[in-house]
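These are the residues of each chain, in order.
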Amino acid sequence: MTIAHQAINRPYGDGTAGYIGEGNALLRRLNDPYDVRVDPSTSEVVIADFSNLRIRNVTTGHVFARLLGRGVGRSVAWNLYTDSEIDTRQQILNSPHGVFWDSARATLYAGLTGVHRVTAIDRYGEAKTAIGTGSGGAVAAEDELPNQVFTNQPHSIVNYNSDVLLYSDRVNRCIRAWNRGTSGTTVLGVYISAGRVATVAGDPLSAAGYNGDSGVATSVRLNSPAGIAVHGTNLYISDSANHCIRKVDSSGNMTVVAGVCTNSTFGIEDQPATTVTLNSPEEIATDTSGNLYIADRANNRIRFVNLNSSPSITVGTRTVAVGNMHTVACGGAVTGDGVATTLSCSNPYGVAFRAGQFCFSTAGAHNVRCVSTTTGNTTTVFGRPPSNARGGSTFHEEQEGIAGTSAFLQAPRGLAFDTVNNILFVADYSNHLIRRIYLGPAP
């Protein structure tokens, strides 16, 4: 369709996709430029050079210059760790485990188990310590400032509400809450002053172990708590070394909703959730109805607990009655992709849900796979496929901007969805990176 009858000029780029440095705009290359803006005060043009991973500007002399971006999609470099708010390209992440995308604040949080901190990466790509001193240690106080908190291998992270962030402090055997609001609030039965951190579940002053299924959450012993998830006002905890999943209600009362605490013997399937055993469960996730997905790591399965969908719900090829738990992925012998329940999986760690799909990471196979909740079909989306599964380093730029199944992961852990932009974040644990992949809309 003709919309103008004028000659068309090519002011910027040589017509070939790529990057060959800065300089004369007609002789330089762009790669998928997405957006253009003009500074009215200087007449300079600013271009989002998408696939070159740069923001570039063209001066009045028609010369390209780089404003932002090194041209490397990696979240971090390898030579610096600091508490300062700096560009993530200059920040080292040490053994990232859990990741959480806070869409309202446009901030990615990561639990760094190697340096005992929770790090925040903002919308501008700058990273800073949100919680922790950087020294692993026992919980020393309650209602304390976040930069004075001793953590010991913080793992999973999630929002309780718009002001309160929760994280699992694995070695300290507790779940703690950070009130980011401007006034005090009660979280799961515990009052927390504005800007402070306090324990809301588990007893960090007691030894790891088991002292019952239920009670006041801050008096119940946890043993290596890993994944956490929130639905409504309820908190769910993967009590990994006790082999069960616990719930804390808004009043701070704890109960068991899945697994048989202290029993890891593999047994029955598709029975009431508190009679089916788990073995070292790791990350957990809730669906839109508040049902649970569990990465049952040592059983090499992804389990589903129907907590709220009566009389039953179908997930892929499994129909699960309300109150029951069933395997919805893995536990089979097939090494490739296919029907989820026929697959063989090695050490599933992370699990994440969005409408129509759940995804899980397998630390043993160094990849991430996603399952359609409608058909039960599985697709490897990140890392080498199961038929060629192997871990690897991502030190080379060739590992950025390539197909997800051509990339190397090394023992991936936590997963988190940005459902607005259809992005999946992955804690690439042994490569010390947070990586992301665009998945597109759920199938």
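Here's what I pulled together on the structure shown here. (Residues numbered from 1 in each chain as written. Predicted model: local features only at pLDDT ≥ 70, side-chain atom pairs only at ≥ 80, totals over all residues. Heavy atoms only, no water.)

### Thoughts on the overall build of the protein
Rules: Put simply, DSSP H or I for four residues or longer makes a helix, DSSP E for two residues or longer makes a strand, and each gets a number counted from the N terminus. Buried residues are those whose accessible area, probed at 1.4 Å on protein chains only, stays under 20% of the maximum for their type, while exposed residues exceed 50% and partly exposed ones sit between those limits. Contacts are assigned to residue pairs that have any heavy atoms within 4.5 Å of one another. Exposure was quantified through the Shrake-Rupley algorithm and a 1.4 Å probe, taking into account, for residues, occlusion by the shown protein chains and nothing else.
A count of helices and strands for the protein gives zero helices and 35 strands. The 443 residues of the protein split such that 53% are buried. Contacts spanning at least 24 positions in sequence make up 42% of the contacts within the protein whose residues lie at least 6 apart. Just so you have it, the protein exposes about 18,200 Å², and 49% of that area is on carbon and sulfur atoms.

### Describing the sheet that holds strand β11 (residues 154-159)
The following threshold applies: Strands are treated as partners if at least two bridges between them are detected by DSSP. Interaxial angles span 0 to 180 degrees and are taken between N-to-C directions of axes, which are lines fitted to C-alpha atoms, for helices over the stretch in contact.
Spatial ordering of the open sheet is given by β11-β12-β13-β16, a layout of four strands whose pairing is antiparallel. Looking along the sheet, the strands with just one partner apiece sit at the ends: β11 and β16 (197-201). Strand-to-strand twist of the sheet, defined as the mean angle between neighbouring strand axes without regard to direction, takes the value 30 degrees. Across four bridges, the pairing between strand β13 (residues 174-179) and β16 is antiparallel. Within β16, the residue paired with A177 across the bridge is A198.

### With respect to the pairing of β11
Here β11 lies mainly inside the structure; six of its six residues are buried. By the bridge criterion, four bridges tie β11 to strand β12 (residues 164-169) in an arrangement that is antiparallel. Bridged to P154 within β12 is D169. Once β11 ends, the chain turns through four residues before running back antiparallel as β12.

### Re the sheet that holds strand β18 (residues 225-231)
Within the open sheet, the five strands sit side by side as β17-β21-β20-β19-β18. Their pairing is antiparallel. The sheet is open, and its two borders are formed by β17 (215-216) and β18, each paired with just one other strand. Bridging between strand β19 (residues 234-239) and strand β20 (residues 244-248) involves five bridges; their strand directions are antiparallel. Across the sheet, Y236 pairs through a bridge with K247, a residue of β20.

### Examining unusual backbone geometry
The linkage connecting S310 with the following residue, P311, adopts the cis geometry, with an omega of 0 degrees. Looking at where P311 falls in the secondary structure, it is placed in the loop between β25 (301-305) and β26 (312-315). Despite not being glycine, A106 has its phi angle at roughly 50 degrees, a positive value. Mapped onto the fold, A106 is located in the loop between β7 (96-102) and β8 (107-112). Of note in the backbone geometry, H116 takes a positive phi value of approximately 55 degrees without being a glycine. Within the element layout of this structure, H116 appears in the loop between β8 and β9 (117-121).

### Some points on the state of the cysteines
Inclusion rule: Disulfide assignment relies on a single distance test, namely cysteine sulfur atoms paired within 2.5 Å.
Tallying each qualifying case throughout the model produces three disulfides. Across the disulfide from C330 sits C345; the S-S distance is 2.0 Å. Between C330 and C345, the disulfide has an S-S torsion of -75 degrees and is therefore left-handed. Here C330, found in strand β28 (residues 324-330), pairs with C345, found in the loop between β28 and β29 (348-354); they are 15 residues apart in sequence, far enough to count as distant. Paired by a disulfide, C359 and C370 hold their sulfur atoms 2.0 Å apart. Every disulfide takes its handedness from the sign of the S-S torsion; for C359 and C370 that torsion is 105 degrees, giving right-handed.

### As for the nonpolar core
Nonpolar side chains in soluble globular proteins tend to end up buried together. Cut-off, in case you're wondering: By nonpolar core is meant a set of buried Ala, Val, Leu, Ile, Met, Phe, Trp, Tyr and Cys residues that side-chain atoms within 4.5 Å join together.
Judged by nonpolar contacts, the single largest core of 34 residues is most densely connected at Y109, L166, V187, V200, L235 and I237. Judged by nonpolar contacts, the second largest core, of 18 residues, contains V315, V320, L343 and C345.

### With respect to the environment of S406
Note that S406 resides in the loop between β32 (378-382) and β33 (415-418). Residues contacting S406, with those up to four places away along its chain left out, are R384 and Q399.

### Quick word on the layout of surface pockets
Summary: where empty space remains is shown by rolling a probe the size of a single water molecule over the atoms. As a reminder of what qualifies: Both site types are read off a 1 Å grid over the protein atoms alone. A 1.4 Å probe that fits but cannot get out defines a cavity, while an open set with protein on both sides within 12 Å along at least five of seven lines defines a pocket; lining residues have an atom within 4 Å of a point. Grid points are joined across faces, edges and corners, and a volume is the space filled by probe spheres set on the points. Just so you know the grouping, Ala, Val, Leu, Ile, Met, Phe, Trp, Tyr, Cys and Pro go in nonpolar, Asp, Glu, Lys and Arg go in charged, and all remaining residues, Gly too, go in polar.
Empty space within the second largest pocket amounts to approximately 740 Å³. As for the second largest pocket, its lining consists of 35 residues, of which F100, V158, T286, F353 and F417 are closest to the centre. Looking at the lining of the second largest pocket element by element, the count peaks at five residues for β7. The residue makeup of the lining of the second largest pocket, split by class, is 20 nonpolar, 10 polar and five charged.

### Thoughts on the pairing of β18
Burial of β18 is extensive: six of the seven residues sit out of reach of the surface. Note: β18 against β19, five bridges, orientation antiparallel. Pairing of P225 across the sheet is with D239, part of β19. Turn length for the β18-β19 hairpin, with the two strands adjacent in sequence and antiparallel, is two residues, and the turn residue G232 shows positive phi of about 65 degrees.

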